[in-house]
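Below are the chains, spelled out letter by letter.
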Amino acid sequence: MILKNLNFDEYDEHHSPRPDVTDFDQVIESAISRRGFIGGVVSIGASGFVLGSAAFPDAVSAKTDRFGFLQIPSNTYDTVTLPEGFEWKILISWGDPLWSDASEFDHNSRGTADSQKRAFGDNNDGMAIFHRSGRTVLAVNNEYTNRSIIWGNRKDGKAKTNDDIEKGMMAHGISIFEITPTADGWSVVKDSPLNRRITPTTDMELSGPAAGADLVKTSSDTQGKFSQGTWNNCGNGETPWGTYLTCEENFNGYFSSSNENYNRSDSMKRYGINLEDWGYGWAKIDDRFDISKEANESNRAGYVVEIDPFNPGSMPKKRTALGRFKHENADVVLASDGRVVVYLGDDERGEFLYRFVSDGRYSVGADNSDLLDNGTLYVAKFTDDMRGTWVALTPDSTGMTAAEIAVNTRMAGSKVGATTMDRPEWVASNPNKVESYVALTNNKNRGIKPNAGGDPTPVSGPNPREANVYGQILRWRPDGSDHASNQFSWDLYAMAGNPDVHTDANAGSENINPDNMFNSPDGMMFDTHGLLWIQTDGNYSNDGDFAGHGNNQMLAGDTLTGEIRRFLVGPKECEITGMAWAPDRRTMFVGIQHPGERGESHFPGGGTSVPRSAIIAIRCTDGNIIG
Ligand code: FEO
Ligand code: CA
Ligand code: CA
Ligand code: CA
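All figures in this text were calculated on a predicted structure; none of them were measured in a lab.

Asks: Help me understand the overall build of the protein, please; the structure alone is not making it clear to me.
Replies: Looking only at helices and strands, the protein has 10 helices and 28 strands in total. Carbon together with sulfur atoms contributes 47% to the accessible area of the protein, which is approximately 21700 Å² in total.

Asks: Looking at this structure, how should I read the sheet that holds strand S25 (residues 564-569)?
Replies: Backbone hydrogen bonds hold the strands of a sheet together, and the pairing may be parallel or antiparallel. With antiparallel pairing, four strands are arranged side by side in an open sheet as S22-S23-S24-S25. Only two strands of the sheet have a single neighbouring strand rather than two, namely strand S22 (521-526) and S25. On average, adjacent strands in this sheet sit at an angle of 25° to one another, irrespective of strand direction. As paired strands, S22 and strand S23 (residues 531-536) are joined by four bridges and run antiparallel to one another.

Asks: Would you explain the pattern of salt bridges in this entry?
Replies: In a structure, side chains of opposite charge can pair up when their charged atoms sit close to one another. Tallying each qualifying case throughout the model produces 36 salt bridges. With a closest N to O distance of 3.2 Å, glutamate 166 and lysine 117 form a salt bridge. Within this pair, whereas glutamate 166 is found in helix H5 (residues 162-170), its partner lysine 117 is found in helix H3 (residues 113-117), the two being separated by 49 residues in sequence. Taking the relative accessible area as the measure of exposure, glutamate 166 reaches 24% and is therefore partly exposed. A salt bridge links lysine 317 to aspartate 370; the shortest N-O distance between them is 3.9 Å. Pair noted here: lysine 317 is in strand S12 (residues 317-319) and aspartate 370 is in the loop between strand S15 (353-361) and strand S16 (375-383), with a separation of 53 residues, a long-range link. Given a relative accessible area of 22%, lysine 317 falls into the partly exposed group. Under the relative-accessibility criterion, aspartate 370 is labelled partly exposed at 39%.

Asks: Looking at this model, I keep getting lost on the pairing of strand S26 (residues 575-581). Mind explaining?
Replies: Along any regular strand, the residues point their side chains to alternate faces of the sheet. Of all seven residues making up S26, seven are buried, and the element is well covered by its neighbours. Here S26 folds back onto strand S27 (residues 587-593) in antiparallel fashion, the turn holding five residues, of which arginine 585 has a positive phi close to 60°.

Asks: Honestly, the pairing of strand S4 (residues 173-182) in this entry has me stumped. Any pointers?
Replies: Within S4, seven of the 10 residues are buried, which leaves it mostly tucked inside the rest of the structure. In terms of strand pairing, strand S3 (residues 135-142) meets S4 through seven bridges, oriented antiparallel. Note that in S4 the partner of asparagine 141 across the bridge is isoleucine 174. The pairing of S4 with strand S6 (residues 196-198) spans three bridges and is classified as antiparallel. Each bridged residue has a counterpart across the sheet, and for serine 175 the counterpart in S6 is arginine 197. When S4 meets strand S5 (residues 185-188), the two strands line up antiparallel, connected through four bridges.

Asks: How do you make sense of the coordination of the calcium ion (ligand 3) when you look at a structure like this?
Replies: Tetrahedral metal sites with four donors have an ideal angle of 109.5 degrees; octahedral sites with six donors have ideal angles of 90 or 180 degrees. At 2.3 to 2.7 Å from the calcium ion (ligand 3) lie its protein donor atoms, namely Glu328 (OE), Glu425 (OE), Asp522 (OD) and Asp522 (OD). Read in sequence order, the donor residues for the calcium ion (ligand 3) give the motif E-x96-E-x96-D. Taken as an interatomic distance, the gap from the calcium ion (ligand 3) to the calcium ion (ligand 2) is 4.8 Å. With glutamate 425 in strand S18 (residues 424-429) and aspartate 522 in strand S22, this residue pair connects regions lying 97 residues apart in the sequence. Given the relative accessible area of 2%, aspartate 522 is considered buried.

Asks: Would you mind showing me how to read the coordination of the calcium ion (ligand 4) here?
Replies: Taken together, Glu425 (OE), Asp522 (OD) and Asp537 (OD) make up the protein donors of the calcium ion (ligand 4), found 2.3 Å from the metal. Here the donor residues for the calcium ion (ligand 4) map to a single chain with the spacing E-x96-D-x14-D. In this structure, the calcium ion (ligand 4) is positioned 5.4 Å from the calcium ion (ligand 2).

Asks: Explain the state of the cysteines to me, please; I cannot follow it from the model alone.
Replies: A covalent bond bridging the sulfur atoms of two cysteines is what the word disulfide describes. Using the criterion set out here, one finds zero disulfides in the structure. Counting only cysteine sulfurs, cysteine 234 is the nearest neighbor of cysteine 247, a cysteine outside any disulfide, at a range of 7.8 Å.

Asks: Would you take a moment to explain the layout of surface pockets for this structure?
Replies: A water-sized probe rolled over the atoms picks out the places where empty space is left. Approximately 790 Å³ is the volume attributed to the second largest pocket. As for the second largest pocket, its lining consists of 31 residues, of which Glu238, Asp331, Met525, Phe526 and Trp581 are closest to the centre. Of all the elements in the fold, those that place two or more residues in the lining of the second largest pocket are strand S2 (124-132), strand S9 (233-238), strand S13 (327-334), S18, S22 and S26. A per-element tally of the lining of the second largest pocket places S13 first, with five residues. Among the residues forming the lining of the second largest pocket, the class breakdown is 19 nonpolar, seven polar and five charged.

Asks: Would you mind showing me how to read the sheet that holds strand S14 (residues 339-346) here?
Replies: Strand order across the open sheet formed by nine strands is S13-S14-S15-S16-S17-S21-S20-S19-S18, with antiparallel pairing between neighbours. Each having just a single partner strand, S13 and S18 make up the two edges of the open sheet. Put simply, the sheet's adjacent strands are angled 30° from each other on average, direction ignored.

Asks: Would you explain the packing of aromatic side chains in this entry?
Replies: Centre-to-centre distance and the angle between the planes together describe a pair of aromatic rings. Under the defined criterion, the tally for this structure stands at 34 aromatic pairs. Ring geometry for phenylalanine 251 and tyrosine 271: centres 6.1 Å apart, planes at 45°, overall tilted. One end of the pair, phenylalanine 251, is in the loop between strand S10 (244-248) and helix H6 (266-271); the other, tyrosine 271, is in helix H6, with 20 residues separating them in the sequence. When sorted by exposure, phenylalanine 251 lands in the same class as tyrosine 271, which is buried. Taken together, the ring pairs in this structure connect Trp231, Tyr254, Phe255, Trp278, Tyr280, Trp282 and Phe289 into an aromatic cluster. Over the ring of tryptophan 231 we find lysine 318, and its NZ or CZ is 5.7 Å from the ring centre. A cation sits over an aromatic face here: arginine 355 above tyrosine 378, 4.3 Å from the ring centre.

Reading the values: rules and limits
Residues numbered from 1 in each chain as written. Chains lettered and ligands numbered in written order. Predicted model: local features only at pLDDT ≥ 70, side-chain atom pairs only at ≥ 80, totals over all residues. Heavy atoms only, no water. Helix = DSSP H or I, 4+ residues; strand = E, 2+ residues; numbered from the N terminus. Areas by Shrake-Rupley, 256 points an atom, 1.4 Å probe, with all protein chains shown as cover. Pairing = 2+ DSSP bridges. Axes fitted to C-alpha atoms, helices over the stretch in contact; angles between N-to-C directions. Salt bridge = Lys/Arg side-chain N within 4 Å of Asp/Glu carboxyl O. Buried < 20%, exposed > 50% of the residue type's maximum accessible area, 1.4 Å probe, protein only. Donors = N, O, S within 2.8 Å, 3.2 Å for Na, K, Ca; no water. Disulfide = S-S within 2.5 Å. 1 Å grid on protein atoms, 1.4 Å probe; cavity = no way out; pocket = protein on both sides within 12 Å on 5 of 7 lines; lining within 4 Å. Points joined across faces, edges and corners; volume = space filled by probe spheres on them. Nonpolar A, V, L, I, M, F, W, Y, C, P; charged D, E, K, R; others polar. Phe/Tyr/Trp six-rings, centres within 6.5 Å; stacked < 30°, edge-to-face > 60°. Lys NZ or Arg CZ within 6 Å of the ring centre and 35° of its normal.

Here it is, written out as structure tokens:
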């Protein structure tokens, strides 16, 4: 098996094999007979599912066209394609310096640790724009780095020197920089005092229930109050008080053990912390990534981190009250009484969907700085009658301490019988209505294997297809139109699929057709008009189950009519992830991540240039508002 071509989940499974089908195939059997499954796939209409617009009565009432663009066909070009009337340009690419004394990106060497520290990181993901006193700042996650690309200057595509390893490390973290409008669109302000790189070595405070607990004490911090750095920052969030939330996802893949007989804890096994890392080699230059030397270091990662984007000297805070897992994004809304509600997905096959509700209330102009430290974390339980409950994770419900719940959140979720999900990616809440959406990207193990904690993953509820290769978008509406309510109704806004290839449920829901089909929904954001923008991170083979899907893409969904239209197609072997609007909403920023991850792209430079992740700026050619 060639490890470099494995995605994160496949890597974890390779190192921590799950048991083959055991007694829970019993459960699947009963699910299949109960739901009238054919060939292991639910047939639409035979189950209790109501797909798309029919579940909620108002969903079919408005048949207006709110898109403002005509759909484009799928393609496999090595560039960005947009509808007529729109144009794009590069805002910033991996390795572009943020300060004028740093060197430009070098396509031969692909940079050094020093140049990378002062440049835009790799593999940009979630991002947000902050505007204050006439200045605009973009905060961007740099999720990870493609080792075969960043070390592509080496013959075997592997790190040769410690500087190579550190260069890879410095490509991770967050890039924060000022941008300004010019005659040619928005540009990066080099040398702005607001520019900042946050990396896996930046000092951070641990706050919330895990702070000070034995579980997070290490040799460098015997009090358990601090953490060093952040990495694998995937999706994001932003708070009403103007801070940036960055979400640590596959933090496990950076740890390894110099002792091959090291006995991993149950928690390490649940989180996929293995004796081998994912090829980054960080333990070779920093002992804290060696689990046999620093067993608690991994307990200091896997959180949501809050950053003040206008204060480059501020220390980021890891908000442990929001739990520790493979965080996708952090979708922040307010409950009816002003309490802060944060929706959170754990992106691994068969893991859970979470909600945090603060104790305190948000108040404009008040000190809101610690609202994310005190509150209750909940996990979602879905039932087939299209209802659901948020179950509180407390010492009473789990038999765990508050610190244990914050650190070993997955185990707490298992204890209360949370619903195993098809890899929860981004959550997005409608700004014009009390309802939220989550992208359940895919799950080849659905109905096949338990999750890493041994919880069964039967085909049921919002995860209705066995060995789900296409993914679906689930939505829920809290009772009483209050995000703090513990009960909700749910339905599926869309089941992705391929109506050219399948006639069963793998054709997708009724709002999927040969002209708009896609797979593996991932990033999602609402614009001010209530359009749901959907970004994909899926199979781009354009073959077999995925014939006609083309490269990864971005679509917009009208959540009233159910209609979905393709807006953008990305270059080869990329995913589309991360999105933000300029303050005047005439420019939309979109992330192009890992073009050419398997060697088939030269985006954006063309020719023989090194493929580089980038943020593109999109605008209407007539200068109209977009989103
Ligand atoms: Fe980084 Fe789940 O995507
Ligand atoms: Ca990604
Ligand atoms: Ca993602
Ligand atoms: Ca994904």
